[in-house]
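A structural walkthrough
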Amino acid sequence: MASVKLKNIYKRYPGGVTAVNDFNLDIEDKEFIILVGPSGCGKTTTLRMIAGLEEISEGELYIGDKLVNDVAPKDRDIAMVFQNYALYPHMTVFDNMAFGLKLRKLPKDEIKRRVLEAAKILDIEHLLERKPKALSGGQRQRVALGRAIVREPKVFLMDEPLSNLDAKLRVQMRTEISKLHQKLQTTIIYVTHDQTEAMTMGTRIVVMKDGYIQQVDTPQSLYERPNNMFVAGFIGSPQMNFINAKVEKRGEEIHLLFGKEDIKLPEGKAKKLEGTEYIGKEVVMGIRPENVHDEAMYLETLSDSIVEAEVEVVEMLGSETLLYLVVDEVDFVARVNPRTKAKPGDRIKVAFDANKIHLFDKETEKTIM
Ligand code: ATP
């Protein structure tokens, strides 16, 4: 069993910084869990507490069924991969991978078996006699992973392991680590500040901000049902568009008003808002770039939610085009079909897919719907 349980965990540094606040999480055996959030949100501190490299100020940490708060790092049955691979430059790849096992005085043939097996999994068998300086960045990262794999740990901890690689290699290694997770069938806890990395690799994602968990969910749920404006804005690129709007009830209908614009909410959404405190109030409306359309077909079918926009910049990305728009003095991004005819300076009509509109409380920034 390689489950990991964090119960009411706090980390207080001397000097009054509480880096992690009341962190609660049950990580299941074989899960690939990602801790993600902006710089300083406490993700590395959390990982280091799991590793035993940082003392836990309050709370309980279990690996499997065992309370490990006071267990030394080397006895926790975990292996950590860091962002700077920290390979020994004077040793060969083989010796770098074997080093920890030699320290633990494993028999020579056992060490050889484990190193060769890990090298095979990582496809670096042909590099075993090389020194780190004769390796590419991606190959070094594989060796660093290999050094963790040979320990056959119950849990892998990875702290931004891809951040020193160039963009192309990062994408490639992302897939490789996902494949590795499938092959090894172990628990991985992975820290990154990159939401794309989080979304593509994790079975579940923990979004953190200022030392607090904001939401724990599958990538799809985070994307479709964010708990608050922070998660809604952090997950997805380009980020969700936000605009202040007033909720107005007209008979059975509910409209969102901003500037000169008027968007009628679909019946289902209107029903949910009816009778709530938000009628007549200002809320924050959120809509993702892919739910803002400029094609004639959408302008026809989504005629209740059309706004006028000025095109500022057109960014062609091949499979899609991003339109940077201004709607009533608010910047907006639309992700549209690359065949769009919109040009900078044009005034165009765009349609919001009102079924995909999110609403947030202006004060608490929590999701209303
Ligand atoms: P990054 O992505 O920049 O590494 P992070 O989310 O991993 O950020 P942490 O490194 O966990 O964030 O830091 C969380 C908070 O704790 C920050 O405010 C940081 O300044 C503070 N902190 C980290 N280490 C210490 C320390 N040894 N002493 C005091 N404060 C610290």
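I will try to describe carefully the structure that is included in this document. Computed from a prediction, not measured in an experiment: that's the story for all the values here.

Cut-offs applied
- All residue numbers refer to positions counted from 1 along the written sequence of the respective chain.
- In view of the model being predicted, local features appear only for residues whose pLDDT reaches at least 70, and side-chain atom pairs are presented and counted only at 80 or more, with totals across whole chains, interfaces and linings using the full set of residues.
- Values shown for side chains rest on all heavy atoms present in the structure; no hydrogens or waters enter the calculation.
- Criterion used throughout: strands pair if DSSP finds at least two bridges between them.
- For the purposes of this entry, the term helix denotes a DSSP run of H or I that reaches at least four residues, the term strand denotes a run of E that reaches at least two, and both are numbered from the N terminus.
- Axis geometry follows a simple rule: fit a line to the C-alpha atoms, using only the stretch in contact for helices, then measure angles between N-to-C directions, giving values from 0 to 180 degrees.
- Convention used here: angles under 35 degrees read as roughly parallel, angles over 145 as roughly antiparallel, angles from 65 to 115 as roughly perpendicular, and any remaining angle as oblique.
- In a left-handed crossing the near helix is turned counterclockwise from the far helix by less than a right angle, and in a right-handed crossing that turn is clockwise.
- The contact rule is simple, with two residues in contact once any of their heavy atoms fall within 4.5 Å.
- Classes in brief: Ala, Val, Leu, Ile, Met, Phe, Trp, Tyr, Cys and Pro nonpolar; Asp, Glu, Lys and Arg charged; the others, Gly included, polar.
- What makes a nonpolar core is a set of buried Ala, Val, Leu, Ile, Met, Phe, Trp, Tyr and Cys residues whose side-chain atoms join them at distances within 4.5 Å.
- Summary of the burial criterion: residues with accessible area below 20% of their type's maximum are buried, those above 50% are exposed, and those between are partly exposed, where the area comes from a 1.4 Å probe applied to protein chains only.
- Throughout this description, the term salt bridge denotes a Lys or Arg side-chain nitrogen within 4 Å of a carboxyl oxygen of Asp or Glu.
- Two rings from Phe, Tyr or Trp (for Trp, the six-membered ring) form a pair when their centres sit within 6.5 Å of each other. Planes less than 30 degrees apart are called stacked, planes more than 60 degrees apart edge-to-face, and all others tilted.
- Counted as over-ring charges are cases with an Arg CZ or a Lys NZ within 6 Å of the ring centre that also lie within 35 degrees of the ring normal.
- One heavy atom within 4 Å of a molecule or strand makes the whole residue count as near it.
- Here a polar contact is recorded for every N or O atom pair within 3.5 Å, except that within protein the pair must consist of a potential hydrogen donor and a potential acceptor, and residues adjacent in sequence are included only if both atoms are side-chain atoms.
- Computed with the Shrake-Rupley method and a 1.4 Å probe, the accessible areas treat only the protein chains shown as cover for residues.

**Some remarks on the pairing of strand β10 (residues 212-217)**
- As paired strands, strand β9 (residues 204-209) and β10 are joined by five bridges and run antiparallel to one another. Bridging across to β10, Val 206 finds its partner in Val 216.

**Looking at the packing of helix α4 (residues 137-149) against helix α5 (residues 167-184)**
- Relative to each other, α4 and α5 sit at 20 degrees, their axes nearing to 11 Å. By the angle between their directions, the pair α4 and α5 is classed as roughly parallel. Note on packing geometry: the crossing formed by α4 with α5 is right-handed. When α4 is examined against α5, the residues Gly 137, Gly 138, Gln 141, Arg 142, Leu 145 and Ile 149 are found in contact with a partner set consisting of Leu 169, Gln 172, Met 173, Glu 176, Ile 177, Leu 180 and Leu 184.
- Of the residues that constitute the contact of α4 with α5, the class distribution is seven nonpolar, four polar and two charged.

**A word on the nonpolar core**
- One finds Met 97, Tyr 190 and Val 207 to be the most contacted residues of the largest nonpolar core, which totals 46 residues.
- The residues contacting Met 97, other than those within four sequence positions of it, are Val 115, Ala 118, Ala 119, Ile 124, Leu 128, Val 143, Gly 146, Arg 147 and Val 150.
- Core analysis: the next-biggest nonpolar cluster, separate from the first, contains 32 residues, Ala 245, Ile 254, Phe 258 and Leu 323 among them.

**Details of unusual backbone geometry**
- Here the amide bond leading from Ser 237 into Pro 238 is cis, since omega sits at -5 degrees, within 30 degrees of zero.
- Tracing the sequence through the fold places Pro 238 in the loop between α8 (229-234) and β11 (241-250).
- Despite not being glycine, Asn 8 has its phi angle at roughly 45 degrees, a positive value.
- Residue Asn 8 is classed as partly exposed on the basis of its relative accessible area, which comes to 35%.
- With a phi angle near 50 degrees, Asp 210 is a residue other than glycine that sits in the positive phi range.
- By secondary structure assignment, the location of Asp 210 is in the loop between β9 and β10.
- Residue Asp 210 is classed as exposed on the basis of its relative accessible area, which comes to 53%.

**Let's talk about the pattern of salt bridges**
- As enumerated under the stated definition, the model contains 30 salt bridges in all.
- Here Glu 110 makes a salt bridge to Arg 113, at a shortest N to O gap of 3.0 Å. Within this pair, Glu 110 and its partner Arg 113 are both found in helix α3 (residues 108-122), separated by three residues, close to a single helical turn.
- Put simply, Asp 353 and Lys 356 hold a salt bridge, and the shortest N to O gap is 3.9 Å.
- One salt-bridge network, in which partners are shared between bridges, spans Glu 110, Arg 113, Arg 114, Glu 117 and Glu 152.

**Some points on helix α1 (residues 43-51)**
- α1 sits mainly inside the fold: seven of its nine residues count as buried.
- Taken together, the buried positions of α1 are Lys 43, Thr 45, Thr 46, Leu 47, Met 49, Ile 50 and Ala 51.
- Gly 52 occupies a position one or two residues after α1 and carries a positive phi of about 90 degrees.

**A short note on the packing of aromatic side chains**
- All chains considered together, the criterion is met by five aromatic pairs.
- Their ring planes at 20 degrees and their centres at 5.6 Å tell us that Phe 230 and Phe 234 sit as a pair that is stacked. Pair noted here: Phe 230 and Phe 234 are both in helix α8, with a separation of four residues, about one helical turn. Each of the two residues, Phe 230 as well as Phe 234, counts as buried.
- Centre to centre, the rings of Phe 242 and Phe 360 are 5.7 Å apart; their planes meet at 75 degrees, and the pair counts as edge-to-face. On the criterion of sequence distance, the pair formed by Phe 242 in strand β11 and Phe 360 in strand β20 (residues 358-360) is long-range, its members being 118 residues apart. Phe 360 matches Phe 242 in its accessibility class, with the two residues each being buried.
- Over the ring of Tyr 223 we find Arg 288, and its NZ or CZ is 3.9 Å from the ring centre.

**Regarding the sheet that holds β10**
- Strand order in the open sheet formed by six strands is β6-β7-β8-β3-β9-β10, and the pairing between neighbours is mixed. Both outer strands of the open sheet, β6 (78-81) and β10, are each paired with one neighbouring strand and no more. Neighbour to neighbour, the strand axes of the sheet diverge by 15 degrees on average, direction disregarded.

**With respect to the site of the ligand**
- Around the ligand sit Tyr 13, Val 17, Ala 19, Pro 38, Ser 39, Gly 40, Cys 41, Gly 42, Lys 43, Thr 44, Thr 45 and Glu 160, and that is every residue in its neighbourhood.
- One nitrogen or oxygen atom from the side chain of Tyr 13 is found 3.3 Å from a nitrogen atom belonging to the ligand.
- The contact in question runs from an oxygen atom of the ligand to an N or O atom on the side chain of Thr 45, over 2.5 Å.
- Protein coverage of the free-state accessible area of the ligand, which is 630 Å², stands at 58%.
- At the level of elements, β2 (17-27) and α1 are the ones that each hand at least two residues to the shell around the ligand.
- The leading source of residues in the shell around the ligand is α1, at three residues.

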